[in-house]
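Report on the structure
Each chain, written out:
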Amino acid sequence: MIWYTALVLAVAGERLAELAVALRNTRWALARGGTESGRGHYPAMVALHTALLAGCLAEAALADRPFVPLLGWTMAAVVLAAQALRWWCIRTLGHRWNTRVIVVPGLPLVTGGPYRLLRHPNYIAVAAEGIALPLVHGAWVTAVLFTLLNAALMTVRVRCEEAALAPSGGVPA
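Structure report, in brief.

Calculation rules
- Each chain carries its own residue numbering, running from 1 in the direction its sequence is written.
- In keeping with the predicted nature of the model, local features appear solely for residues at pLDDT of at least 70, side-chain atom pairs appear and are counted solely at 80 or more, and the whole-chain, interface and lining totals rest on all residues.
- The basis for every side-chain value is the complete set of heavy atoms in the structure, and neither hydrogens nor water enter the calculation.
- Any carboxyl oxygen of Asp or Glu within 4 Å of a side-chain nitrogen of Lys or Arg constitutes a salt bridge here.
- In this description a helix means any DSSP run of H or I spanning at least four residues, a strand means any run of E spanning at least two, and both kinds are numbered starting from the N terminus.
- For each residue, the accessible area found with a 1.4 Å probe, counting protein chains only, is set against the maximum for its type, and the residue is called buried under 20%, exposed over 50%, and partly exposed in between.
- With a 1 Å grid laid over protein atoms only, a set of points is called a cavity when a 1.4 Å probe fits there but cannot get out and a pocket when it is open yet has protein on both sides within 12 Å along at least five of seven lines; lining residues have an atom within 4 Å of a point.
- Grid points are joined across faces, edges and corners, and a volume is the space filled by probe spheres set on the points.
- For this classification, the nonpolar set comprises Ala, Val, Leu, Ile, Met, Phe, Trp, Tyr, Cys and Pro, the charged set comprises Asp, Glu, Lys and Arg, and every other residue, Gly included, is treated as polar.
- Whenever two N or O atoms come within 3.5 Å, that pair is a polar contact, provided that in protein one can donate a hydrogen and the other can accept it, and provided that, for residues adjacent in sequence, both atoms are side-chain atoms.
- In what follows, residue pairs with any heavy atoms lying within 4.5 Å of each other are defined as contacts.
- In this analysis, a patch consists of residues with relative accessible area above 30% that form no salt bridge, clustered at 9 Å for like charges and at 5 Å for the nonpolar side chains Val, Leu, Ile, Met, Phe, Trp and Tyr.
- Only the protein chains shown count as cover for residues, and all accessible areas are computed by the Shrake-Rupley method using a 1.4 Å probe.

**Structural notes on the pattern of salt bridges**
All told, the structure shown has 11 salt bridges when counted by the stated rule. Between Arg 86 and Glu 14 there is a salt bridge, with its nearest N and O atoms 3.8 Å apart. With Arg 86 in helix H3 (residues 69-93) and Glu 14 in helix H1 (residues 2-31), the pair connects residues that are 72 residues apart, well separated along the chain. Glu 14 matches Arg 86 in its accessibility class, with the two residues each being buried. The closest approach of N and O atoms between Glu 129 and Arg 86, which form a salt bridge, is 3.2 Å.

Set out below in structure tokens:
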């Protein structure tokens, strides 16, 4: 359980790094006339992602979930792949990547990197991580709950992003 705690804390650290990048990019976007959409769902998204991390540790410990090597190592590989995809998205979007929906007028749609294959690749990373991270240590209830709640939240989020992008033809900042 110690190594699983370390993995979850490493993911939490990665999330804090994302927030630092997002804060820097928010300043950049707003300085260039960016406008934010979807403020109403953002607190729910932060709460859900925080609950994922807490749920992983709580369920594994309190329900005494075993580590099943075949499942655990496979899911650990998925977690790592999700992190790689997420940072590929961040690198591809550069200053335009954010945890918030901020669109800078006049910027063209990003069509490189993972965006040449998918419209919202970061959400594939989020979904994969939300399933895999709990399952590394058998926390299947957390995986199911996160997946269901995340699906509902992503429906709202993607609609918000698409509506924000429609007038500009760009990608969220």
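**Quick look at unusual backbone geometry**
Phi is mostly negative for residues that are not glycine, and the peptide bonds are mostly trans. Not every positive phi belongs to a glycine, and Asp 64 is a case in point at roughly 50°. The residue Asp 64 is located in the loop between helix H2 (42-62) and H3 in this model. Assessed through its relative accessible area of 64%, Asp 64 is described here as exposed.

**Section: the layout of surface pockets**
To locate leftover empty space, one rolls a probe as large as a water molecule over the atoms. Roughly 640 Å³ of internal volume is contained in the largest pocket. In this structure, the largest pocket is lined by 36 residues; those nearest its centre are Glu 18, Met 45, Trp 97, Thr 99 and Asn 122. Within the residue set of the lining of the largest pocket, elements represented by two or more residues are H1, H2, H3, helix H4 (121-135) and helix H5 (140-165). With six residues, H2 is the largest single contributor of residues to the lining of the largest pocket. Residue composition of the lining of the largest pocket, grouped by class: 21 nonpolar, seven polar and eight charged.

**Description of the side chain of Glu 59**
Structurally, the position occupied by Glu 59 is in helix H2. Glu 59 gets classed as buried once you look at its relative accessible area, which sits at 10%. Reaching out from Glu 59, the side chain makes a polar contact with the backbone nitrogen of Trp 140 at a distance of 3.3 Å. The contact partners of Glu 59, leaving out residues within four places of it in the chain, are Asp 64, Arg 65, Gly 138, Ala 139, Trp 140, Val 141 and Thr 142.

**What to know about a nonpolar patch on the surface**
On the surface, a cluster of nonpolar side chains totalling about 580 Å² of accessible area is made up of Trp 140, Val 141, Val 144, Leu 145, Leu 148 and Leu 149. Here Val 141 lies in helix H5.

**Let's talk about the environment of Thr 50**
Relative to the assigned elements, Thr 50 resides in helix H2. Judged by relative accessible area, Thr 50 falls into the partly exposed class, the value being 48%. Sequence spacing of Thr 50 and Arg 15 is 35 residues, and the spatial spacing of their C-alpha atoms is 9.4 Å. Within polar-contact distance, the side chain of Thr 50 engages the backbone oxygen of Val 46 at 2.8 Å.

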